[in-house]
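In case you want the letters, here they are:
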Amino acid sequence: MTKDMAMNAWDGISEFIAVSERQSFTAAARQLGISVAQVSRQVTALEEKLGVQLFYRTTRKVSATEAGVIYYQHCRQLLDGLGDAERAIGNLTEVPRGKLKITAPTTYGETVIAPLVNDFVARYPDLEVHCRFTNQKLDLVLEGFDMAIRLGRLDGAMGGLMHQQLSTRRLYACAAPKYIAKRGEPYSLSELSHHNCLVGTLDYWRFEEDGRERTVRIHGTIHANSGQALLDAARKGMGIVQLPDYYVDPWVASGDLVPVLSKYQPSDEGIWALYPTNRHLSPKIRMLVEHLGRYLG
C-alpha cells in the first residue's frame, strides 16, 4: 500500500465516528471544528467508497444503519488504539504538548486559574491552550474539553468523569463597617430577615447551626448574577453579602468588609479538577493537575 493510499484509508473516519457518537452532523461539526458541509461530504465519500449506507438521515434525526453500527465498532477500536499509541509516545517524553481545552467558572477562572495556566504554558511552550470561562456547567465530552474546574459540591452522577480535589473555598457573610454602623450587626440567622441582603443567583444562603447545615431565605434591594457586582455593593455599604473567600479576602484584610455571623460559618467546600475518564491520562492533563494542586493547595 502506498503512502497516499494509507492516508486515504483514514479519510472520513473521524467525521463518521463523531456523527455516530453525537447522532447529529451539526454536533459532529462543532466537535471537530469544521463545517457541517465538510462533515457531510466526508461521510458521503466514505459511504461511496464502502458501497454501503452508514446512516439513516431525516430532518429530525440521524441514526446508524446496521452496517454503520458494525463499521463504528471497528473504527472506534482503531481510533482508540491510535490514541493509545500517541499517548504512549507522549508519556515517554513527559513533555506537555498539543492542544489543551479548559473551562472554569468566570471570576475564579479569570483571577486564579488563568494566571496559573499561563505560568504552566510559559514553562511548556509546545502547548496550545484554549480557556473558556463561564458559570455554566458544560458537557466536557460533548464539547471536547480536556479539563474543567468546578467549585463546591460535585453532582452525584459524574457522567464518566474523573475528579481530583485541588483545594477548598470558604463562604463568608460580610458587610461594610458603615452598613453595620447604620443597620447594626446580625448575631442570629433569624435577624437576616431585618437586613438588606445582596442576592445572587440563589435566593438563599448556607450556614451551619449545631453541626447541621441550614439554609436561610434572603431578601434585598439588589439582585445580580455577578459576584463582583455584589462585592462592590457590599463595599459601598449597601447590604450584607455572602461570597467565597477569593472575592472578599483582600477586603476583609483591609477592613473594608467585616465578617458577620461567623459562628454559623458553613464548612469549606472543594475546588475540583474534572477530566474525562481515560485509561492513559496524558502528561499535559496530569502535569497541569499537579501544577494547579501544588499552588492552590
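The structure presented is a predicted model; accordingly, all values stated were derived computationally and were not measured.

Draft legend 1. Region of the structure containing the overall build of the chain. Scanning the chain for helices and strands turns up eleven helices and twelve strands. Compactness check: the chain gives a C-alpha radius of gyration of 25 Å against a globular reference of 19 Å for 297 residues, more than 25% above the reference. With the C-alpha coordinates aligned to their principal axes, the bounding extent of the chain is approximately 85 × 45 × 35 Å. Taking all 297 residues of the chain together, 39% fall into the buried category. Once local pairs closer than 6 in sequence are excluded, the contacts in the chain between residues at least 24 apart make up 70%. As displayed, the chain has an accessible area near 16,600 Å², and 51% of this comes from carbon and sulfur atoms. On the chain, the mean spot of the 34 positive side-chain charges and the mean spot of the 33 negative ones are 3 Å from each other.

Draft legend 2. Seen up close, the sheet that holds strand S5 (residues 147-151). Strand order across the open sheet formed by five strands is S4-S3-S5-S12-S6, with mixed pairing between neighbours. Each edge of the open sheet is held by one strand with a lone partner, namely strand S4 (127-133) and strand S6 (161-169). On average, adjacent strands in this sheet sit at an angle of 20° to one another, irrespective of strand direction. Where S5 lies against strand S12 (residues 269-276), four bridges are found, and the strand directions are antiparallel. Bridged to Leu 151 within S12 is Ile 271. Each of strand S3 (98-104), S4, S5 and S12 is contacted by helix H6 (residues 106-123), which is oriented at about 175° to S4, the strand it contacts most.

Draft legend 3. Expanded view of unusual backbone geometry. Residues other than glycine seldom take positive phi values, yet Asp 210 does so here, at roughly 55°. Assignment of secondary structure puts Asp 210 in the loop between strand S8 (204-209) and strand S9 (212-217). One non-glycine residue, Leu 261, lies in the positive phi region at around 55°. Within the element layout of this structure, Leu 261 appears in the loop between strand S11 (258-260) and S12.

Draft legend 4. Structural context of the sheet that holds S11. Pairing within the open sheet is antiparallel, and its three strands lie in the order S10-S7-S11. Of all strands in the sheet, those with a lone pairing partner are strand S10 (241-244) and S11, marking the two edges. Strand-to-strand twist in this sheet, taken as the mean axis angle between neighbours without regard to direction, amounts to 55°. Pairing between strand S7 (residues 171-175) and S11: three bridges, direction antiparallel. Within S11, the residue paired with Cys 174 across the bridge is Pro 259. Of the strands in this sheet, S7, S10 and S11 touch helix H10 (residues 245-254), which is tilted by about 110° from S10.

Here is what the cut-offs are and how they apply
Residues numbered from 1 in each chain as written. Predicted model: local features only at pLDDT ≥ 70, side-chain atom pairs only at ≥ 80, totals over all residues. Heavy atoms only, no water. Helix = DSSP H or I, 4+ residues; strand = E, 2+ residues; numbered from the N terminus. Rg over C-alpha atoms; globule rule 2.2 N^0.38 Å. Buried < 20%, exposed > 50% of the residue type's maximum accessible area, 1.4 Å probe, protein only. Contact = heavy atoms within 4.5 Å. Areas by Shrake-Rupley, 256 points an atom, 1.4 Å probe, with all protein chains shown as cover. Lys, Arg positive; Asp, Glu negative; His and termini not counted. Charge placed at Lys NZ, Arg CZ, Asp CG, Glu CD. Pairing = 2+ DSSP bridges. Axes fitted to C-alpha atoms, helices over the stretch in contact; angles between N-to-C directions.

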